[in-house]
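Residue-level structure breakdown
Here is what each chain is made of, one letter per residue.
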Amino acid sequence: MSANVIDGKKVAKLIREQVSEDIQYWVSHGQRAPKLQAVIVGNNPASHTYVKAKTKACGEVGIESDTLILPDTVSETQVIEAIEKLNHNDEVDGILLQLPLPGHLPSWNIIEAIDYRKDVDGFHPMNMGRLAVGQPSFRPCTPAGIMELFNYYSIATKGKHAVIIGASNIVGKPMTLMISREDGAGKATVTLCHQYTKDLTRHTINADILISAAGTPKLITGPMIKEGAVVIDVGINRVADPDNERGYRLVGDCDFESTQEKANWITPVPGGVGPMTVAMLMKNTLLAAKDAIYQSE
Ligand code: NAD
């Protein structure tokens, strides 16, 4: 068998087009364009690359964007002061704090300083808590993008056994909450695995839906998955590649060749989940501008 490849680029493009149309309509009715403000602390090259990709995507859909770059010597108080200014700036709809922060900064204090109504990444405890109890909130972009892929490809999750590898706050935990919700999309039974899980294959082999977000190349291979499984590869890992002009290439957590022989559906890396994350950020920023999630408060 050869798996059906889930085209995240295509679905992300459709979402971005929809966002773009909504913004055109919104602006043509006298509203200002939504604005996303990125904040980067330090000079981690990957953070700068990610933020550039996100602000480029903003430009393409009609979202204004700006990037505040703080030096890596900045104190916690200084970052929080900068965030509070953005919280009070009525022209800023969404605040994106690019992670990871330099080691001396307590990420959670700073994430909590963001006004949860501008937390378009959905990482603020208010949004995570509301997600946990099924209330409207900004949904973290990567798991929300995966739910959109299931929806687009009519991949049923109801009653299925989903095995999630990786229990981070940005992917694994919110994915667990979304895919297991009884009162909405999801309705799956979940096993959440992490670095302390013993005998990973014992779990993966029973997965109707396997979602890997561990950040370990070739963690998942064909013999570890069930025949006909849906395999969602969230991992983005750099592996050395002398034939590539950059000296490396990007791979996921799954060994594509062997998993695609047994899976029914599979996401490639790149071109699978990654583009969906950016598209969902655009969607969340538009919702923030419309105040659509919290307007009832
Ligand atoms: P993280 O480092 O915060 O968490 C990794 C999780 O995986 C932890 O819970 C850890 O216990 C678990 N883990 C690690 N090795 C494991 C193993 N061998 N077996 C079982 N569990 C293991 O990572 P993160 O920020 O959630 O990111 C995970 C991966 O997903 C990275 O490769 C990252 O680049 C990628 N990512 C991709 C997107 C996207 O848009 N495609 C978005 C976010 C993260």
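The present account deals with the structure reproduced in this document. Note that the coordinates shown come from a computational prediction; the quantities given were computed from them, not determined experimentally.

With respect to the overall build of the protein
The secondary structure content of the protein amounts to 10 helices and 11 strands. Whereas a compact globule of 297 residues would reach a radius of gyration of roughly 19 Å, the protein reaches 19 Å, a difference of no more than 12%. Principal-axis analysis of the C-alpha atoms places the extent of the protein at approximately 55 × 40 × 35 Å. Counting the 297 residues in the protein, one finds 50% classified as buried. In the protein, the share of contacts with a sequence separation of at least 24, taken over all contacts with a separation of at least 6, comes to 70%.

Some thoughts on the pairing of strand β5 (residues 161-165)
Judged by how many residues are buried, β5 sits mostly within the fold: 4 of 5 residues are covered. In this sheet, strand β6 (residues 189-193) lies alongside β5 in parallel orientation, the contact comprising 5 bridges. Within the sheet, the bridge partner assigned to His161 lies in β6 and is Thr189.

Some remarks on the nonpolar core
Burial of nonpolar side chains together is a common tendency in soluble globular proteins. In this structure, Ile146, Phe150, Ile179, Ile211, Ile232, Val234 and Met282 are the most contacted members of the largest nonpolar core, which totals 52 residues. Ranked by residue count, the leading element in this core is helix α10 (residues 273-290), at 9 residues. What Val234 contacts, discounting residues up to four positions off in sequence, is Thr142, Ile146, Val171, Ile211, Ser212, Ala213 and Val273. The next biggest cluster of nonpolar side chains, apart from the first, holds 19 residues, and it includes Ile80, Leu86, Ala113 and Ile114.

What about the sheet that holds β6?
Strand order in the open sheet made by the 6 strands is β1-β11-β8-β7-β5-β6, with parallel pairing throughout. Either end of the sheet is taken by a strand with one partner, and the two such strands are β1 (4-5) and β6. The pairing of strand β7 (residues 209-212) with strand β8 (residues 230-233) spans 4 bridges and is parallel. Counterpart to Ile209 in the pairing with β8 is Val230.

Focus on helix α5 (residues 125-132)
Those residues of α5 that sit buried are Asn127, Met128, Arg130 and Leu131. Looking straight down α5, one finds that the buried residues subtend no more than 165 degrees of arc, so they occupy a single side.

Thoughts on the side chain of Asp233
Note that Asp233 resides in strand β8. Within the buried set, Asp233 has no salt-bridge partner at all; the shortest N-O distance to an opposite charge, 10 Å, is to Lys218. Reaching out from Asp233, the side chain makes a polar contact with the backbone nitrogen of Gly235 at a distance of 3.3 Å. At 2.8 Å, the side chain of Asp233 and the backbone nitrogen of Asp253 are in polar contact. Setting aside anything within four residues of it in sequence, one finds Asp233 in contact with Ser212, Gly252, Asp253, Cys254, Thr267, Val269 and Val273.

Quick notes on the site of the ligand
Taken together, 21 residues form the shell around the ligand, and within it Ala167, Ser168, Gln195, Ile236 and Thr277 come nearest. A distance of 3.4 Å separates a nitrogen atom of the ligand from a polar backbone atom of His194. Val234 has a polar backbone atom sitting 3.3 Å from a nitrogen atom of the ligand. Against a free-state accessible area of 850 Å², the protein chains account for coverage of 71% of the ligand. Residue classes in the shell around the ligand are distributed as 10 nonpolar, 11 polar and no charged.

Thoughts on the sheet that holds strand β2 (residues 35-41)
What the 3 strands build is an open sheet, ordered β3-β2-β4; its pairing is parallel. Looking along the sheet, the strands with just one partner apiece sit at the ends: β3 (64-70) and β4 (94-97). The average undirected angle you get between the axes of adjacent strands in this sheet is 20 degrees. Of the pairings in the sheet, the one linking β2 to β4 comprises 4 bridges and is parallel in character. When the bridges of β4 are listed, Gln37 appears paired with Ile95.

Re the pattern of salt bridges
Taken as a whole and judged by the stated rule, the model has 11 salt bridges. With a shortest N-O distance of 3.0 Å, Asp183 and Arg181 are connected by a salt bridge. With a relative accessible area of 54%, Asp183 lands in the exposed category. As a salt-bridge pair, Asp208 and Lys226 come within 2.6 Å of each other at their nearest N and O atoms. Taken as a pair, Asp208 in the loop between α8 (200-204) and β7 and Lys226 in the loop between β7 and β8 lie far apart in primary sequence, 18 residues in all.

Quick notes on α10
Counted at 1.5 Å a residue, the expected span for α10 with its 18 residues is 26 Å, and the 26 Å between its end C-alpha atoms agrees. In terms of burial, α10 is largely enclosed, as 13 of its 18 residues are buried.

Parameters and conventions
Counting of residues starts from 1 at the beginning of each chain's written sequence and follows it residue by residue. Note on the predicted model: pLDDT of at least 70 is required for a residue's local features to be given, and 80 or more for side-chain atom pairs to be given and counted; whole-chain, interface and lining totals, by contrast, use all residues. Computation of side-chain values: all heavy atoms of the structure, hydrogens and water removed. Each helix is a run of DSSP H or I of at least 4 residues and each strand a run of E of at least 2, with the numbering of both proceeding from the N terminus. Note on method: radius of gyration uses C-alpha positions; expected globular size equals 2.2 Å times residues raised to 0.38. When accessible area is computed with a 1.4 Å probe and restricted to protein chains, residues below 20% of their type maximum are described as buried, those above 50% as exposed, and intermediate ones as partly exposed. Pairs of residues are marked as contacts when any of their non-hydrogen atoms sit within 4.5 Å. Between any two strands, at least two bridges found by DSSP are needed for them to pair. Buried Ala, Val, Leu, Ile, Met, Phe, Trp, Tyr and Cys residues that are joined via side-chain atoms within 4.5 Å together make up what is termed a nonpolar core. As used here, the arc is the angular range of directions from the helix axis to the C-beta atoms. For the purpose of counting charges, residues Lys and Arg are taken to be positive, whereas Asp and Glu are taken to be negative. His and the chain ends are not included. What makes a salt bridge here is a side-chain nitrogen of Lys or Arg within 4 Å of a carboxyl oxygen of Asp or Glu, nothing more. Under this definition, polar contacts are N or O atom pairs within 3.5 Å; protein pairs additionally need one hydrogen-donor-capable and one acceptor-capable atom, and for neighbouring residues in sequence, both atoms have to be side-chain atoms. By convention in this text, a residue qualifies as near a molecule or strand provided that one of its non-hydrogen atoms is within 4 Å of it. Residue exposure ignores everything except the shown protein chains as possible cover, and the areas themselves are Shrake-Rupley values with a 1.4 Å probe. Polar here means any residue outside two lists: the nonpolar Ala, Val, Leu, Ile, Met, Phe, Trp, Tyr, Cys and Pro, and the charged Asp, Glu, Lys and Arg; Gly therefore counts as polar. What counts as an axis is a line fitted to C-alpha atoms, over the stretch in contact for a helix, and the angles between N-to-C directions run from 0 to 180 degrees. Take the residue count of a helix, subtract one, and multiply by 1.5 Å to get its expected span.

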